[in-house]
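These are the residues of each chain, in order.
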Amino acid sequence: MKIYVWRCLSLAIGLVAFGAVVVYAAEVEKYFDRHGTLIVQEKVEKYKRRADEGTTYPVPPPPFSEDIFPCSDCHADMEPNPQRRELVDMHEDIVLNHAEGQRWCLDCHNLDDRDTLRLISGEVIPFTESYRLCGQCHGDKLRDWKVGVHGKRTGFWNGEKQYLLCAHCHNPHSPSFKPLQPMPAPVRPENLDRQGSQAAPTHN
Amino acid sequence: MCNESSHDKHAFRKSRRKVLKGLAAGIGALALPATNASASVWEAFFQKNFRELNKTELNQVLARLEGEYSKEYGKQVTVKATLPIEGVKYGYGLDLSRCIGCRRCVYGCVEENNQSREPEIQWIRVMQLDKEKGVDLSHAEHYYNPPEVPQEGKFYMPVQCQQCENPPCTKVCPVQATWKENDGIVVVDYNWCIGCRYCMAACPYSARHFNWAKGKLPKEEMNPDTHYLGNRPRPVGVVEKCTFCIQRTREQPGRYPACAEVCPVGARKFGNMLDPKSEIRYLIENKRVFIFKEDLNTQPKFFYFYAT
């Protein structure tokens, strides 16, 4: 029994010492020329936690198509197929118009659990945090979105605010904003007194 | 003889003065609405400038107006006179790289602020401009009406009251019926305005609008949450303008202005310029910003910016 405790303890001490060496090694980065002489030794900046890391943003439910979520309703019994291919049996209505040459479904959707999304780092996130997925490429937009400058934030200017997910305005598969029909033009001043009998505005 | 005639003349003069006085008083009395003279009409007639009202007088005025409007529109209307919030100066940002010119803001504003539907009054005017020419007003088109916006090669610039720090409109008012509040909002006392329209001539942004007739405002569309200096129904013959939705933004917590809330592209930003963490400060510090007609030194608190 006693020996067992000592063994454990020495193992722990050894591990800690090894860890310290690894951490020290990681802190300093050395660069050699081709003859093997040290030319530069740099201290690597430690990974700092961002101030907003871990904060979640109040968003409404993601804008799923009707009766499509949870995806596991259909996908639970299906054998996941990681093969890059054109979909023919289902989801053929989705036309990818978003860097389509470079990516396909499973670059964002999680192969192992379709009810979630997957970051490049391998981290699995729920659909309510999809802004992190978009922010992998569109970091500048994510930064603006967090402070309320990109996208629409509603609620109170000096109180609680509600965000919208990227997907509420941009279709993730075809993200450019779609044109809208404008509301009627104002009445021209010369027609103001005839406004009652004014004909419906015509498109020009 | 001579003495007598001068006495006569004097006597005549005196009586003429009396006649004129009587006549003036009589005409004056006729001009007052004596026929349907309810107490409230007399109270309105003798009401002081908003800034000279003491607390009891203000409460009487608000109660009188609430009664009038509730009766006219057939629902409970509240008229607030919420004061500016300490340490707040409002600023507005509009992202020209996002605006698509859909005019949702124009109609959102009309609904929130009880503008007259006929004759039509709109506090926001959206201009369609050529991307090639930039902000060149000689090429601005207000009446664009294509089936879809944005149009190729065009950009859109909504203009409303710029809430100037140095407002030319308030300086020209001969009766001081319009002024800048401590939170930066330029307001009008509709009960004090005489309708001379000097302020409209002075405003370089065409942001002020005149009630040529008693505005038609359908009862069911009337917004009963009103502010004395903001969206309460306006009488005929007064000038009105955007107030950054004073009835919403002065509350604690205060909602965003209606135009910002309704914008489908999120181009409109609003906040406290004295709060370093507000979105308005962020965009002024980090984005390309310009103010409209900067050379006039009006110092608008309405910032156009490009987020990209």
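Residues numbered from 1 in each chain as written. Chains lettered and ligands numbered in written order. Predicted model: local features only at pLDDT ≥ 70, side-chain atom pairs only at ≥ 80, totals over all residues.

1. Some details on the overall build of chain B
Counting secondary structure elements, chain B contains 9 helices and 12 strands. With respect to the principal axes defined by its C-alpha atoms, chain B has extents near 95 × 45 × 40 Å. Across the 308 residues of chain B, 37% fall into the buried class. Of the contacts made within chain B by residues no fewer than 6 positions apart, 64% connect residues no fewer than 24 positions apart. (Helix = DSSP H or I, 4+ residues; strand = E, 2+ residues; numbered from the N terminus. Buried ≥ 20, exposed ≤ 12 C-beta atoms within 10 Å, placed from the backbone. Contact = placed C-beta atoms within 7 Å.)

2. Some details on the overall build of chain A
When helices and strands are tallied, chain A shows 5 helices and 6 strands. When its helices and strands are written in sequence order, chain A yields α-β-β-α-β-β-α-α-β-β-α. Expressed as a percentage of the 204 residues in chain A, the buried residues total 9%. Considering only intrachain contacts with a sequence separation of at least 6, the fraction spanning at least 24 residues in chain A is 41%.

3. Concerning the environment of A:Ser130
Residues and elements named next belong to chain A. On the secondary structure map, Ser 130 appears in helix α3 (residues 130-134). Classification of Ser 130 by C-beta neighbours within 10 Å gives partly exposed; the count is 18. Distance from Ser 130 to Leu 119, taken between C-alpha atoms, is 9.4 Å for residues 11 residues apart in sequence. Those residues in contact with Ser 130 that sit more than four places away from it in its chain are Pro 62, Leu 117, Leu 165, Cys 166 and Ala 167.

4. Points about the environment of B:Trp192
Its place among the elements puts B:Trp192 in the loop between β6 (186-188) and α6 (198-202). The sequence separation of B:Trp192 and B:Asn272 amounts to 80 residues, and the corresponding C-alpha distance is 29 Å.

5. Section: the sheet that holds strand β10 (residues 268-272) of chain B
All names here are of chain B. Taken together, the 4 strands give an open sheet; going across it, the order is β10-β2-β12-β11, and neighbouring strands pair in mixed fashion. The open sheet has two edge strands, β10 and β11 (288-290), and neither has a second partner. The mean inter-strand angle of the sheet, taken between neighbouring strand axes irrespective of direction, is 30°. Here 4 bridges tie strand β2 (residues 90-95) to strand β12 (residues 302-306), and the two strands are oriented parallel to one another. Along β12, the bridge assignment pairs Gly 93 with Phe 303. Sheet strands in contact with helix α9 (residues 279-286) are β2, β10, β11 and β12, and its direction is about 110° off that of β10. (Pairing = 2+ DSSP bridges. Axes fitted to C-alpha atoms, helices over the stretch in contact; angles between N-to-C directions.)

6. Regarding the interface of chain B and chain A
Counting residues at the interface gives 40 residues for chain B and 29 residues for chain A. Within the residue set of the side of chain B that touches chain A, elements represented by two or more residues are α4 (104-112), β10 and α9 of chain B. Here the side of chain B that touches chain A takes 4 residues from β10(B), the largest share from any one element.

7. Things to note about the nonpolar core
By size, the foremost hydrophobic cluster in this structure holds 62 residues, and its most contacted members are B:Tyr92, B:Cys109, B:Val188, B:Phe244 and B:Cys259. Secondary-structure elements contributing two or more residues to this core are α3 (55-73), β2, α4, β4 (154-159), β6, α8 (258-262), α9 and β12 of chain B. If you look at the next biggest cluster of nonpolar residues, it comprises 7 residues, including A:Leu133, A:Cys134, A:Trp145 and A:Cys166. (Core = buried A, V, L, I, M, F, W, Y, C linked by C-beta atoms within 7 Å.)

8. Points about the domain arrangement of chain B
The assigned domain composition of chain B is domain 1 (1-31) and domain 2 (90-306). Taking only C-alpha atoms into account, the centre of domain 1 of chain B sits 55 Å from that of domain 2 of chain B. (Domains from an automatic or database assignment.)

9. Quick look at the pairing of strand β2 (residues 38-43) of chain A
Look at any regular strand and the pattern is simple: side chains alternate between the two faces of the sheet. Residues and elements named next belong to chain A. Of all 6 residues making up β2, only 0 are buried, and the element is barely covered by its neighbours. Taken together, the 5 bridges between strand β1 (residues 28-32) and β2 define a ladder with antiparallel strand orientation. Looking at β2, one finds that Phe 32 is bridged to Leu 38. Connecting β1 to the next strand, β2, in antiparallel fashion are 5 residues, including Gly 36 with a positive phi near 90°.

10. Some remarks on α4(B)
Residue and element names in this part refer to chain B. Among the residues making up α4, those that are buried are Cys 105, Val 106, Gly 108, Cys 109, Val 110 and Glu 112. Where the residues of α4 are buried, they touch β3 (125-130), β4, α8 and β10. One or two residues past the end of α4 sits Asn 114, with phi positive at roughly 55°.

11. Regarding the confidence of the model for chain B
Residues of chain B with pLDDT of at least 70 account for 92%, and the chain-wide mean is 92. Interface confidence in the predicted complex, given as ipTM, is 0.82; pTM for the same model is 0.81. (pLDDT = per-residue confidence, 0-100.)

12. What about unusual backbone geometry?
Residues and elements named next belong to chain B. In this structure, the amide linkage connecting Glu 118 to the following residue, Pro 119, adopts the cis form with an omega of -5°. With respect to the secondary-structure elements, Pro 119 resides in the loop between α4 and β3. For the bond running from Gln 252 to Pro 253, omega is 0°, close enough to zero to count as cis. Among the structural elements, Pro 253 can be located in the loop between α7 (246-249) and α8.

13. A short note on the environment of A:His138
All names here are of chain A. Along the polypeptide, His 138 turns up in the loop between α3 and α4 (139-146). His 138 sits in the partly exposed class, given 17 other C-beta atoms within 10 Å. The spatial distance from the C-alpha of His 138 to the C-alpha of Val 95 is 21 Å, given a sequence separation of 43 residues.

14. Comments concerning the confidence of the model for chain A
For chain A, mean pLDDT is 83; residues scoring 70 or higher make up 83% of the total. Contacts for the low-pLDDT stretch residues 196-202 of chain A, under 50 throughout, to residues beyond four places or in other chains number 6 contacts.

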